[in-house]
Structure formats: C-alpha cells, structure tokens
Amino acid sequence: MKKKQKIQRCKSDKIYYAVSGVILTILLVAVAYPLIYVLSASFSSGNAVSSGRVILWPVEFSLEGYKAVFGKPDIWSAYGNTILYTVVGTFINVAMVMSAAYPLSRMDLKGRNVIMVLFTFTMFFSGGMIPFYILLTDLKMIDTFAVMVIPGALSVYNLIIARTFIQSNIPKELFEAASIDGCSDSQYFFKIILPLSKAILAVLTLFSAVGHWNSYFNAMMYLNTRSRMPLQIILREILIMNQIDYSNVTNPERLMQLANMGDVLKYALIVVSTAPILCVYPFIQKYFIKGVMIGSIKG
C-alpha cells in the first residue's frame, strides 16, 4: 500500500492557518451562540429565563412555551397560510425568473439589451406605495390570496443571476446540436436547460422561499381578514405587542408564572418560525454554494 505523502507547510503557512482557525472559531461562536441560546431558552422554564440562569443548556426543562404557542388557534392557521404562500409563491417566482432568463441569455434575441435595461430600471424606480395600493385595489387583489404571491413575482436581481448562470455554464453549441436533432425551443428549455440548472434553481428556490417565509409587510398592508394572515404577523403581535391576556387571571402566583412565560413564548415562537427554513437548507447547501460562485471562475 502506498503511504500518503505529508504536505509540507512552511512557517508562514502554519501561522496563517492558525490565525485563520482562531478567527473562524470566534466567528462561529459569535454566530452559533445566539441560536443555541434561543433554542435552550425555549426549552427552559420561565423563571430560569427571566432570572438569567440560561447560558448554554436548558435549565428546568419545560415545554410550556411550545404548548402555549401551539395552543393558540391563530398559530396553526397562520402556519398553514405561510406554508401555502411560500410554496405557491416560490414556484411562481422560480418559474417566472427561469422563463425570462433563458430567452434573455440567447444572443439571437432581438432587443435583449433594451429589455434588460427596462427590467433593471424597475430595480431603482417605482410608482410608490400609494399608487401601487390603488393599482391592487383596482385589480381587486386586496385581501386575497393573490396579493401575497403575484406582486413581486419576478425578481430582477434573481433574473440577472439566472441569466448569467445560463450564459456562463451552458454552451451555445449545445443548442445548435439539439436543433440539428429537431429539438424545439420549449423542449430545449425543459429537457436540457432546467436539468443542467439545478444549482441556480436551488439558489432561486432558497432566496424566494426565505423571502416569502419572512414576509410580513405585504400582509400587514394588503390583508384585512385575520384568517388569511401569515405566521409572521401573528409572531409580530406576540413579540412586539406582547399580547398576553392577564385580565381573567386572579391568582398572583399564576400571574407571575404567565409573566415569566412571556420570554419563553418569544423564544419558542422564534424557533417555530425559523425551524422549517433551517431544516431545508442542508439539503440544498451543495447547490447553493455552486450557485453563489456564478461568474467567479471562467475557463
């Protein structure tokens, strides 16, 4: 068996790796600790959180925060609404971006530069909030499902990324070869472009899904019916307004318990609202890394 050759590093390399390791470790701790603290606090008792005894691990393990969260009927309906808005909105976003990016990546498309200028113009200038609200009112989209997924369906930023990816990674000779075999534009798009664009599709999906999942402004502005509200609106009410009803509580001990539960409830809500996105990310991480490196290397 062949022995593995050791990589010889000079003194400057060793110093560089040591310093880099220390800096990266500090950054890891700075980023990871708040996440660990929030998770630990959500599984701790209200008294332990309010007294500051939670540092790294849960203290006086308790599920009261999660019981309080999932005991609210608004949370379940808001969770369902957010999942629906995210799935449908992400599908529309990715479909719109890829459908526009492919023709704009073709050099034989007449007026492609003018079209890109018009798209880019919308990134910096808009009609404003009030004209946009009037437009949605005239279109009868206020307080409907469509108002959460149709406005902003095409992200120009994502369009530029997708167009660059197709231009940089899919050679035009491939289209010429497919055309000789009788492949139409639509067949080429669905059977060749999309299968070869898994990296950018993963990036677009992640960007769009996170945007829809965290979106609250559109719901706050354009939705009136509470049953249509997404999770972030309910989360905002509890976190910012701290809406806990103490009016029917007469027992002082119970009142203190509810007051201490306020912090636990906030941490539990943060975990509940971020867990789905954190669970999805590991499955598309390898494609995400490829996608964000678009255009960095040319060969």
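Residues numbered from 1 in each chain as written. Predicted model: local features only at pLDDT ≥ 70, side-chain atom pairs only at ≥ 80, totals over all residues. Heavy atoms only, no water.

A surface patch of nonpolar side chains, amounting to about 610 Å² of accessible area, comprises V29, Y33, I36, I55, L56 and W57. Its place among the elements puts I55 in the loop between α2 (46-50) and α3 (64-70). Its relative accessible area of 55% is what places I55 among the exposed residues. (Patch = residues over 30% accessible without salt bridge, like charges linked within 9 Å, V, L, I, M, F, W, Y side chains within 5 Å. Areas by Shrake-Rupley, 256 points an atom, 1.4 Å probe, with all protein chains shown as cover. Salt bridge = Lys/Arg side-chain N within 4 Å of Asp/Glu carboxyl O. Helix = DSSP H or I, 4+ residues; strand = E, 2+ residues; numbered from the N terminus. Buried < 20%, exposed > 50% of the residue type's maximum accessible area, 1.4 Å probe, protein only.)

A few words now on the nonpolar core. Among the nonpolar cores identified, the biggest contains 24 residues, and M98, I166, Y188, I193 and I200 are the most heavily contacted of them. In terms of residues, this core owes the most to one element, helix α4 (residues 73-105), which gives seven residues. With near-sequence residues (within four places) excluded, I166 lies in contact with M98, A101, Y102, S105 and I193. Among the nonpolar cores identified, the runner-up in size contains 16 residues, and Y66, L231, L265 and L269 belong to it. (Core = buried A, V, L, I, M, F, W, Y, C linked by side-chain atoms within 4.5 Å. Contact = heavy atoms within 4.5 Å.)

This part is about the packing of α4 against helix α7 (residues 156-169). The interhelical angle for the contact between α4 and α7, taken along N-to-C directions, is 50°, at an axis separation of 8 Å. In this view, α4 runs oblique relative to α7, as classed from their interaxial angle. Crossing of α4 over α7 shows right-handed handedness. Packed against α4, whose contacting residues are V97, M98, A100, A101, Y102, L104 and S105, the element α7 presents N158, L159, A162, R163, I166 and Q167 at the interface. Considering only residue class, the contact of α4 with α7 consists of nine nonpolar, three polar and one charged. (Axes fitted to C-alpha atoms, helices over the stretch in contact; angles between N-to-C directions. Parallel < 35°, antiparallel > 145°, perpendicular 65-115°, else oblique. Left-handed = near helix turned anticlockwise from the far one by under 90°. Nonpolar A, V, L, I, M, F, W, Y, C, P; charged D, E, K, R; others polar.)

As a further point, take the packing of aromatic side chains. Working definition: an aromatic ring pair is given by the centre-to-centre distance plus the angle between the planes. All told, the structure shown has 14 aromatic pairs when counted by the stated rule. Pairing Y102 with F189 gives two aromatic rings, centres 5.5 Å apart and planes at 35°, and the pair type is tilted. With Y102 in helix α4 and F189 in helix α9 (residues 185-193), this pair connects stretches of sequence that are 87 residues apart. With a relative accessible area of 10%, F189 lands in the buried category. Centroid distance F189 to F190: 5.1 Å. Interplanar angle 75°. Geometry classified as edge-to-face. Here the aromatic cluster, defined as three or more aromatic residues joined through ring pairs, consists of Y102, F175, Y188, F189 and F190. Sitting over the ring of F175, R106 keeps its end group 4.0 Å from the ring centre. (Phe/Tyr/Trp six-rings, centres within 6.5 Å; stacked < 30°, edge-to-face > 60°. Lys NZ or Arg CZ within 6 Å of the ring centre and 35° of its normal.)

With that settled, consider the side chain of Q232. Mapped onto the secondary structure, Q232 falls in helix α12 (residues 231-239). Here Q232 falls in the buried class, since its relative accessible area comes to 11%. Only 3.0 Å separates the side chain of Q232 from the backbone oxygen of W213, close enough to count as a polar contact. Not counting residues within four places of it along the chain, the set of residues in contact with Q232 comprises T82, W213, N214, S215, Y216 and S273. (Polar contact = N/O pair within 3.5 Å; in protein donor to acceptor, adjacent residues only side chain to side chain.)

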